[in-house]
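Each chain, written out:
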Amino acid sequence: MLEVNSIDVYYGDFQALWAVSLKVYEGELVSLIGANCAGKSTIVETISGLLIPAAGSVIFNGVRLDKEPTHHIVKLGISLSPQERGIFPAMSILENLEVGAFTPKSRNLRNDSFKLVYELFPILKSRKKQAAGTLSGGEQQMLAIGRALMSKPKLLMLDEPSMGLAPLIVTAIFEVIQQINESGVSILLVEQNVPAALGLASRAYIVENGRIGGQGDAKSLLDDEKVKDAYLGTG
Amino acid sequence: MTVELVAQTIVNGIHVGALYGLVAVGLSLIFGVMKILNIAHGEFLMVGGYVAFWVFDLYDTDPFLSLPLVAIAMFLLGAGSYKLLFSGLAKFHEESKMENSLLVGFGLFLVFPQITRMLWTTDERAITPAYSGGSLPILGVRLAYVPLGALLVALVVILALHLLLTKTYFGKSVRATTQNWKSAKLAGINVERTYLITFGLGVAIAGVAGVFVGLIHAINPDIGIGWTLKALIVVVLAGIGSIGGAFFAGLILGVVEAVGAIFMGPYTVALGLVIFLLIMIFRPRGLFGKA
């Protein structure tokens, strides 16, 4: 479904990614794990078209994405819920979700999408007139995921949905992520919370200093001595 | 007598202020959405005035009737200028984008008056339909037709803009882009196209204001920078992010200047700058701006 082939990405003169390759198959939940600043967000932002790779390619269902503008990539079915959520603070929850369904196709289907998002996150429905900036961190995260779903993605990318949230809320959000995946949407999950991510994902890639440092089944990575040592604190 | 004088002064102030507000709304819209400070905003106003003057002089078309035509022509000029000159700035970070947009604006500030001089000479031009001197006397206060019409048109423009921004999908995309352009892109909005249309809209509003400047005062190739400065003062007074606020701040400046003129005569021009300084010192986010 998604194929990232050996991409190099730069911020000005600084090289952030070195020959990163990864794959996501239809219906999968794949996780990118690794330390802060390892380049996880850079990978998903490149797939979304916010950054343009200097080398390599990104292919989604047979279409090359790496030269396409972001709004085309959204139209093709890839949606990113960005790090730090990026909600529109002065707009209401309803308007945030409406803007999420901006592409013509998703706009036609928006009544269904509203129903789906409100079922997953009932709290958004009860507060739909409220300005998004007044929501708590957890609610803002729910809104960001909901907004990303409004474009009817085939692949949903979530950048650190657990960041800064209380453990109880993280559990709730991860349950919803699993539900979304079970409904048929493939998911690429970026997480620093490694045990939680590996508990949810079927496969995972370890990102280290802008390179893929390892990959495998989530279960086997959980038992891997190196992973335990570096990320789980149980080695 | 004095009551009537005060009332007349306030009415005059509102008339001028409506123009200030209209000009400022365009500037504020462009700055708010794309963080471009368009120093050439007043130049677009000047060109709009000349377009209406031309249509009036050559085809004898009433300036109120040619308003839509001026608005469309100025929209195209604005969108074209954006595509040619400003769109390259989009890739810069916010701060260098601001600085570079100032340079482009200054370039236009040099080019537009020169072209205007070549096309229409440096003569003062005024649009003078038959009714331009007429007024409606109410309780001893004279309501001149043309400024009254300008006030009404300004209100309609502001209301239409407000509805566009709050009720339509396009308007929501503009507000989303203002608040977080990255998320707007991720929602599938063509941010570059949103910028293009917004710039065109801001310039069209400046052009409409230019028509009224030509009707109420007069236009010449060098009036642009003065109106840019007025618009800047109003935007600072209002704060960024409120269309209605910018218009209301324009009315405030108009009335303050009109009342000030009674006491200060020729020094009235300084009043706006004093307000500018006071706001900068005591309330940098403006009267209606969000923190």
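Residues numbered from 1 in each chain as written. Chains lettered and ligands numbered in written order. Predicted model: local features only at pLDDT ≥ 70, side-chain atom pairs only at ≥ 80, totals over all residues. Heavy atoms only, no water.

A. The arrangement of the environment of Lys228(A) in detail. Residues and elements named next belong to chain A. With respect to the element layout, Lys 228 can be found in helix α11 (residues 225-232). Residue class for Lys 228 comes out partly exposed when judged on its relative accessible area of 23%. The spatial distance from the C-alpha of Lys 228 to the C-alpha of Asn 193 is 13 Å, given a sequence separation of 35 residues. (Helix = DSSP H or I, 4+ residues; strand = E, 2+ residues; numbered from the N terminus. Buried < 20%, exposed > 50% of the residue type's maximum accessible area, 1.4 Å probe, protein only.)

B. Layout of the sheet that holds strand β3 (residues 29-33) of chain A. Residues and elements named next belong to chain A. The 6 strands lie next to each other as β6-β7-β8-β3-β9-β10, forming an open sheet whose pairing is mixed. Looking at strand neighbours, the two that pair on one side only are β6 (78-81) and β10 (211-217), the edges of this open sheet. Strand after strand, the sheet turns through a mean of 15 degrees between neighbouring axes, direction not considered. Relative to strand β8 (residues 186-191), strand β7 (residues 155-159) is paired through 5 bridges, and the arrangement is parallel. Considered in β8, the bridge of Leu 155 is made with Ser 186. Helix-sheet contacts for helix α8 (residues 167-182) involve β3, β7 and β8, and the interaxial angle to β8 is about 155 degrees. (Pairing = 2+ DSSP bridges. Axes fitted to C-alpha atoms, helices over the stretch in contact; angles between N-to-C directions. Contact = heavy atoms within 4.5 Å.)

C. Region of the structure containing a nonpolar patch on the surface. All names here are of chain B. Judged by side-chain polarity, Leu 5, Val 6, Ile 10, Val 259, Ile 262, Phe 263, Met 264 and Tyr 267 come together as a nonpolar surface patch covering roughly 770 Å² of accessible area. When residues of the nonpolar patch are traced back to their parent elements, those giving at least two are α1 (2-34) and α10 (243-264). Element by element, the count of residues in the nonpolar patch is highest for α10, at 4 residues. Here Val 259 shows up in helix α10. The exposure class of Val 259 is partly exposed, given its relative accessible area of 31%. (Patch = residues over 30% accessible without salt bridge, like charges linked within 9 Å, V, L, I, M, F, W, Y side chains within 5 Å. Areas by Shrake-Rupley, 256 points an atom, 1.4 Å probe, with all protein chains shown as cover. Salt bridge = Lys/Arg side-chain N within 4 Å of Asp/Glu carboxyl O.)

D. Structural view of the packing of aromatic side chains. Residues and elements named next belong to chain B. Overall, the coordinates contain 13 aromatic pairs over all chains when judged by the stated rule. Ring geometry for Trp 54 against Trp 120: centres 5.1 Å apart, planes inclined by 80 degrees, an arrangement best described as edge-to-face. Here the residue Trp 54 occupies a position in helix α2 (residues 41-59), and Trp 120 occupies one in helix α4 (residues 94-120), the gap between them amounting to 66 residues. With a centroid separation of 5.5 Å and an interplanar angle of 40 degrees, the aromatic rings of Tyr 82 and Phe 199 are classed as tilted. Linking Tyr 82 in helix α3 (residues 63-86) with Phe 199 in helix α8 (residues 191-216), this pair joins segments that are 117 residues apart in sequence. Comparing Tyr 82 with Phe 199 shows no difference in burial state: the two are buried. By way of ring pairs, the aromatic residues Phe 44, Tyr 82, Phe 86, Phe 112 and Phe 199 are connected into one cluster. (Phe/Tyr/Trp six-rings, centres within 6.5 Å; stacked < 30°, edge-to-face > 60°.)

E. Focus on the interface of chain A and chain B. Tallying the contact residues gives 25 residues for chain A and 17 residues for chain B. Counting the surface lost from both chain A and chain B, the interface buries some 1900 Å², and carbon and sulfur atoms represent 64% of this. Looking at the side of chain A facing chain B, the largest losses of area belong to His71(A), Phe88(A) and Phe102(A), adding up to 31% of the total buried there. The interface formed by chain A and chain B holds 3 salt bridges in total. One salt bridge in this structure joins Glu95(A) and Arg175(B), with 3.0 Å as the shortest N-O distance. There are 7 residue pairs in polar contact (both at pLDDT 80 or more) connecting chain A and chain B. Here the side of chain A that touches chain B takes 4 residues from helix α3 (residues 93-100) of chain A, the largest share from any one element. Grouping the constituent residues of the side of chain A that touches chain B by class yields 12 nonpolar, 6 polar and 7 charged. (Buried area = accessible area lost by both parts, 1.4 Å probe. Polar contact = N/O pair within 3.5 Å; in protein donor to acceptor, adjacent residues only side chain to side chain. Nonpolar A, V, L, I, M, F, W, Y, C, P; charged D, E, K, R; others polar.)

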